[in-house]
Amino acid sequence: MTKNINVPKIRFQEFEGEWDNEPLSNYITSLDSGVSVNSEDTPITNSEQIGILKTSAISNGRFYHNQNKTIIPIERNRAKLNPKQDSIIISRMNTPELVGEIGYIDKDYLNLFIPDRLWQTTTNEKVNVQCLSQSLITPKSKFKIRSLATGTSGSMKNISKPSFLSLKVSLPTLPEQQKIATFLSSVDQKIEQLQQKHRLLEQYKKGVMHKLFPAQGEKHPQVRFKDDDGKDFADWEVKKFTQAFERVTRKNKENNKNVMTISAQQGLINQEEYFNKSVSAKDVSGYYLLHKGDFAYNKSYSAGYPMGAIKKLNRYDKGVVSTLYICFKAKENSNADFFEQYFEAGKLNKEIHKIAQEGARNHGLLNVSVVEFFNDIQILIPTFPEQRKIATFLTSIDEKITSVGSQLDQAQAFKKGLLQGMFV
């Protein structure tokens, strides 16, 4: 019989021998929680204020100190237990999906306090806390920790101290723990840098869009490009929607099976790819057939899209959508890439609001007439050459955001693979 050896698949070559498999109580000497205090749901903004952590302050080994609420003055003396350097915070009470979340604390936070739903660890000299934190966020450990949670409520689960401390973890000698912790910390820093870069690029684009499109009630944007000869472009003009677009009612006579839905984040996307199942009718011959570059308007309102979302088909050459969508395409004198940005900036919301029937929202669906959509909506737009300039500039930012997002996905997948390979 082959003996099961308690060693990881990926290991630094200078180390050998089996890892110890011991209960957490052999490393954690105490688990302490704070108290619940009354607070305002706004994060602290300076060192004079004190805040109580939200349970969302920890996730997947990370600590997000800005996830806190300001403690009201009369409650300040009741708060106890600051997050301390080189400890782990654990969510002991949360939803089934989030109970058992872990966060490593890299420094002292003297104006933040821990609530009663979180534990903070005190550990002994046998363990490198960063390494222990990494070992507790592997998929295997997460499953084991969440399996400890009990409670009759379907929405809230609890983990008891005895059950958590009895959980067995496999760890190597202290020198190997330290080497693993240093290596994985460097990977985390790279991920954090990419996340920060991604956030900054998105903020930059949001700020730029604010200046490149006219504000509410204005006829011109704050910032404008020059034409290729260095001259000013003509003024923006109000046009009828139908001067820039024509309706698409092309039926699916070719029996195209690429049934799409509109996702706020991913745009027009295949239903099965998005939902992992098809929610369309079996016969989709009556659906509208869209070609790449065509637009579809979903009259359902959602977060960030109070008047519904308009998305351009970018992902596929062709696809079909329900006739509940209003579909259209740009005319020759209109730049589809410009209007993709224009719609994403919400510049059609005011016009759609004018034609949406007051109080006629039905299960999240706005009552917008197709006839009024094409006949009554007006748009303030620049000339075609300026549209092209704006579209090229904003598309280049999108490409950078996508590129950094792709690097971030790869780095996170790399880290996931390391966690699975470097721990038993």
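None of the values given here were measured: they were computed from a predicted structure.

## A word on the packing of helix α4 (residues 174-212) against helix α10 (residues 384-422)
Any two packed helices are characterised by how steeply their axes cross, that is the angle between the axes, and by the distance between the axes.
Item 1. The N-to-C vectors of α4 and α10 enclose an angle of 160 degrees; their axes lie 10 Å apart at closest approach. Judged by the angle between their axes, α4 and α10 are roughly antiparallel. For the crossing formed where α4 meets α10, the hand is left-handed.

## Examining the UniProt feature "domain: Type I restriction modification DNA specificity" (unreviewed entry) in the protein chain
Item 1. As recorded in UniProt, the sites labelled "domain: Type I restriction modification DNA specificity" (unreviewed entry) are residues 46-200.
Item 2. When the span residues 46-200 is considered, its composition is 31% helix and 23% strand, and the gap between its end C-alpha atoms is 22 Å.

## A short note on the sheet that holds strand β16 (residues 245-247)
Item 1. Ordered by their spatial adjacency, 4 strands build an open sheet running β16-β23-β20-β21, and the pairing between neighbours is antiparallel. The strands lining the two open edges of the sheet, one partner per strand, are β16 and β21 (309-312). The average undirected angle you get between the axes of adjacent strands in this sheet is 30 degrees.
Item 2. Sheet topology places strand β20 (residues 295-298) next to β21; 4 bridges connect them, and they run antiparallel. Paired with A296 across the two strands is K311, which belongs to β21.
Item 3. Contacts from helix α7 (residues 336-344) reach β16, β20, β21 and β23 (326-330), with the element oriented near 155 degrees to β21.

## Points about the sheet that holds strand β3 (residues 39-40)
Item 1. Taken in spatial order, the 4 strands of this open sheet run β3-β7-β4-β11, and their pairing is mixed. Pairing within the sheet leaves two strands with one partner each, and these edge strands are β3 and β11 (112-113).

## So, the packing of aromatic side chains
Item 1. Using the criterion set out here, one finds 30 aromatic pairs in the structure.
Item 2. For the pair F245 and F328, a centre-to-centre distance of 5.0 Å together with 75 degrees between the ring planes defines the contact as edge-to-face. Of the two residues, F245 is situated in strand β16 and F328 in strand β23; the sequence distance between them amounts to 83 residues.
Item 3. Classification of F245 as buried rests on a relative accessible area of 1%.
Item 4. Ring centres of F295 and F328 lie 5.4 Å apart, and the angle between their planes is 15 degrees; on these two criteria the pair is classed as stacked. Pair noted here: F295 is in strand β20 and F328 is in strand β23, with a separation of 33 residues, a long-range link.

## A few points about the packing of α7 against α10
Item 1. The contact between α7 and α10 brings their axes to 8 Å, and the two run at 65 degrees. Considered as vectors, α7 and α10 are oriented roughly perpendicular to each other. Viewed along their axes, α7 and α10 form a crossing whose handedness is left-handed. For the pair formed by α7 and α10, the contact residues are D337, F338, F339 and Q341 on the first element and Q387, I390, A391, L394, T395 and D398 on the second.

## Some thoughts on the pattern of salt bridges
Item 1. With the rule as written, the count across this model stands at 20 salt bridges.
Item 2. Of the charged contacts in the structure, one is a salt bridge between D41 and K54, with a shortest N-O distance of 3.4 Å. Within this pair, whereas D41 is found in the loop between β3 and β4 (51-53), its partner K54 is found in the loop between β4 and β5 (58-59), the two being separated by 13 residues in sequence.
Item 3. Look at K54 and you get partly exposed, because its relative accessible area is 27%.
Item 4. In this structure, E273 engages R315 in a salt bridge whose closest nitrogen and oxygen atoms are separated by 3.6 Å. Residue E273 is found in helix α6 (residues 271-275), and its partner R315 is found in the loop between β21 and β22 (318-321); the two are separated by 42 residues along the sequence.
Item 5. Where salt bridges share partners, they join K312, D337 and E340 into one cluster.

## A look at unusual backbone geometry
As a rule of thumb, non-glycine residues mostly have phi less than zero, and peptide bonds are mostly trans rather than cis.
Item 1. At N60, a position not held by glycine, the phi torsion is positive, near 55 degrees.
Item 2. Mapped onto the fold, N60 is located in the loop between β5 and β6 (62-63).
Item 3. With a phi angle near 60 degrees, D86 is a residue other than glycine that sits in the positive phi range.
Item 4. Tracing the chain through its elements places D86 in the loop between β7 (68-71) and β8 (87-91).

What counts and how
Residues numbered from 1 in each chain as written. Predicted model: local features only at pLDDT ≥ 70, side-chain atom pairs only at ≥ 80, totals over all residues. Heavy atoms only, no water. Axes fitted to C-alpha atoms, helices over the stretch in contact; angles between N-to-C directions. Helix = DSSP H or I, 4+ residues; strand = E, 2+ residues; numbered from the N terminus. Parallel < 35°, antiparallel > 145°, perpendicular 65-115°, else oblique. Left-handed = near helix turned anticlockwise from the far one by under 90°. UniProt positions renumbered as here; feature names shortened; annotations may be inferred. Pairing = 2+ DSSP bridges. Contact = heavy atoms within 4.5 Å. Phe/Tyr/Trp six-rings, centres within 6.5 Å; stacked < 30°, edge-to-face > 60°. Buried < 20%, exposed > 50% of the residue type's maximum accessible area, 1.4 Å probe, protein only. Salt bridge = Lys/Arg side-chain N within 4 Å of Asp/Glu carboxyl O.

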